[in-house]
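Structural overview
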Amino acid sequence: MNIDNISSASLIEFKGTPCLQIENQTASALISLFGGHLISYVPKNVNAELIWLSDKAIFNQEKALRGGTPICWPWFADLGKGENLPAHGFVRTQMWQISDISESADANNIQSTTVELTPNTLGLFNVPQSLSLKLSITIAKQCELSLETTNNSDEDVEITQALHTYFKVSDISQTSIAGITTDYYDKVTNTHNNKLSLPYHIEGETDRIHPREASTNEQIITLSGIDGFKIDIAQSGHDSVIVWNPGAEKSTTMADMEDLGYQTMLCIEAGNTQSTTIAPKTSFTLKQRFSAKKEYNYGDL
Ligand SMILES: O=P(O)(O)OC[C@H]1O[C@@H](O)[C@H](O)[C@@H](O)[C@@H]1O
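A brief structural summary. Just so it is clear, the model here is predicted, and its values are computed rather than measured.

Cis geometry is adopted by the peptide bond preceding P74, which originates at W73 and carries an omega value of 0°. Omega for the peptide link from L198 to P199 comes to -5°, which places this bond in the cis form. Within the secondary structure layout, P199 lies in the loop between β13 (191-194) and β14 (200-201). Phi angles above zero are rare outside glycine, and N47 is one such case at about 50°. According to the relative accessible area criterion, N47 is exposed, its value standing at 61%.

Rendered as structure tokens:
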């Protein structure tokens, strides 16, 4: 698609991979067309990177990128039906194309840029061809990712999925998470109904699936303890929040992660880990939106 008339967007190569760079009045961002994968988001109000990308991420257009927002679809982790399926589905490891891009301004004339992306190939691994997928990313004071699955067939289709965002934190041992309170399934110990001790801090390898908070349409999760600002994450359409940090030992076994990489990242994922049924001729949307706000000390006032 021709993006020449969109002044806030340009196509560039980053580490040999085609990417869409967005720079507008409120933020800048980088989206890899391999994976339809957000790899950078810098809102101007804090002028800091919110997204963690591994220095050792492998940009060979085959392996999923370590960091950013991998799109896990049409299954999360190993929940695909069948033998020898790739973890987290097959769209994070293929090229996507830009299907639409637009700029708009709100009532205060604050600019935003929205890009729509679609994966090049669907219907792999016996997944029905009749499913279609569209990712919209809006870059503004907030970054919004919206993943819409449409079932064009005459039968129900079941999927699992996740927007698997790696947030950049200054020091994982000082980071706290608010807005998640539910008992969790611990993937590290394979145990259910674990009680959370609050405040929520990460201590060692963490791989948890929390059912979403029942009483909210949109679940708001706040990360604090980051140098000078907080990150607010709003999620909807999800049934679970996945919290993942590989911890010290596992980091050293991962080829695309620095040994100390775990100290500056935290995955907060909007997911559907229970089977989600999409009725014929309907669409289902999973969303995650995030922004940063400055934290003031009394001394600053
Ligand atoms: O290494 P991958 O396939 O990108 O997955 C990273 C992690 O993704 C998380 O969503 C899973 O809960 C973890 O179990 C997994 O280790």
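Bringing the layout of surface pockets into the picture now. Computed from the structure, the largest pocket encloses a volume of approximately 360 Å³. Lining the largest pocket are 20 residues, with R66, H88, H164, W244 and K250 sitting closest to its centre. Counting only elements with at least two residues in the lining of the largest pocket, the list comes to β10 (157-168) and β18 (240-245). Looking at the lining of the largest pocket residue by residue, the classes come out as 10 nonpolar, 2 polar and 8 charged.

Next up on the list: the packing of aromatic side chains. By convention here, two paired aromatic rings are described through the distance between centres and the angle between planes. All told, the structure shown has 9 aromatic pairs when counted by the stated rule. Ring geometry for Y41 versus F290: centroids 5.9 Å apart, planes at 70°, classification edge-to-face. Taken together, the residues Y41 in strand β4 (residues 37-43) and F290 in strand β20 (residues 282-294) connect sequence positions 249 residues apart. Like Y41, the residue F290 is buried in the burial classification. Ring centres of F90 and F125 lie 5.8 Å apart, and the angle between their planes is 40°; this geometry places the pair in the tilted category. Pair noted here: F90 is in the loop between β5 (71-72) and β6 (96-105) and F125 is in the loop between β7 (111-119) and β8 (131-139), with a separation of 35 residues, a long-range link. Residue classification places F90 among the buried positions, given a relative accessible area of 3%. Put simply, the rings of W73, W75, F90 and F125 touch in pairs and so form one group of aromatic residues.

On to the site of the ligand. The local shell around the ligand consists of R66, F76, A87, H88, R92, H164, K187, D207, I242, W244, K250 and E269. In the model, an oxygen atom of the ligand is placed 3.1 Å from a nitrogen or oxygen of the H88 side chain. Between an oxygen atom of the ligand and a side-chain N or O atom of D207, the distance comes to 2.5 Å. Contact with the protein chains covers 82% of the free accessible surface of the ligand, which is 400 Å².

Turning our attention to the sheet that holds strand β3 (residues 27-32). Taken together, the 4 strands give an open sheet; going across it, the order is β1-β2-β3-β4, and neighbouring strands pair in antiparallel fashion. A strand with exactly one partner marks an edge of an open sheet, and here the two such strands are β1 (9-14) and β4. Neighbour-to-neighbour, the strand axes of this sheet turn through a mean angle of 20°, independent of strand direction. With 6 bridges connecting them, β3 and β4 associate as antiparallel partners. Looking across to β4, one finds that A29 is bridged to Y41.

So, on to the pattern of salt bridges. Enumeration over the complete set of coordinates arrives at 13 salt bridges. For E23, the salt bridge identified is with K44, shortest N-O distance 2.7 Å. Here E23, found in strand β2 (residues 17-23), pairs with K44, found in the loop between β4 and β5; they are 21 residues apart in sequence, far enough to count as distant. The partner of E295 in a salt bridge is K230, with the nearest N and O atoms 3.9 Å apart. Here the residue E295 occupies a position in the segment after β20, and K230 occupies one in strand β17 (residues 229-236), the gap between them amounting to 65 residues. Judged by relative accessible area, which is 30%, E295 ranks as partly exposed.

What follows concerns the nonpolar core. Judged by nonpolar contacts, the single largest core of 70 residues is most densely connected at Y41, W73, I177, I268 and F290. Here this core takes 6 residues from strand β19 (residues 265-278), the largest share from any one element. Sequence-distant contacts of F290, that is, excluding residues within four places in its chain, are made with L38, Y41, L50, I51, Q142, C143, L145, T165, F167, I231, D232 and I233.

Below, the discussion takes up the side chain of T222. The topology assignment puts T222 in strand β16 (residues 219-226). Apart from the residues lying within four places of it in its own chain, the contact partners of T222 are S176, I177, A178, K230, I231 and D232.

Take the side chain of S112 next. Its location among the elements puts S112 in strand β7. Taking the relative accessible area as the measure of exposure, S112 reaches 12% and is therefore buried. Ignoring anything within four residues of it in the chain, the contact list for S112 reads N24, S102, E103, S104, T138, I139 and A140.

Turning to the environment of A48, a few remarks are in order. With respect to the helices and strands, the residue A48 is situated in the loop between β4 and β5. On the accessibility criterion, A48 (18% relative accessible area) is buried. Those residues in contact with A48, other than ones at most four positions away along the chain, are Y41, V42, P43 and F229.

Conventions used here
- Residues numbered from 1 in each chain as written.
- Predicted model: local features only at pLDDT ≥ 70, side-chain atom pairs only at ≥ 80, totals over all residues.
- Heavy atoms only, no water.
- Helix = DSSP H or I, 4+ residues; strand = E, 2+ residues; numbered from the N terminus.
- Buried < 20%, exposed > 50% of the residue type's maximum accessible area, 1.4 Å probe, protein only.
- 1 Å grid on protein atoms, 1.4 Å probe; cavity = no way out; pocket = protein on both sides within 12 Å on 5 of 7 lines; lining within 4 Å.
- Points joined across faces, edges and corners; volume = space filled by probe spheres on them.
- Nonpolar A, V, L, I, M, F, W, Y, C, P; charged D, E, K, R; others polar.
- Phe/Tyr/Trp six-rings, centres within 6.5 Å; stacked < 30°, edge-to-face > 60°.
- Near = heavy atom within 4 Å.
- Polar contact = N/O pair within 3.5 Å; in protein donor to acceptor, adjacent residues only side chain to side chain.
- Areas by Shrake-Rupley, 256 points an atom, 1.4 Å probe, with all protein chains shown as cover.
- Pairing = 2+ DSSP bridges.
- Axes fitted to C-alpha atoms, helices over the stretch in contact; angles between N-to-C directions.
- Salt bridge = Lys/Arg side-chain N within 4 Å of Asp/Glu carboxyl O.
- Core = buried A, V, L, I, M, F, W, Y, C linked by side-chain atoms within 4.5 Å.
- Contact = heavy atoms within 4.5 Å.

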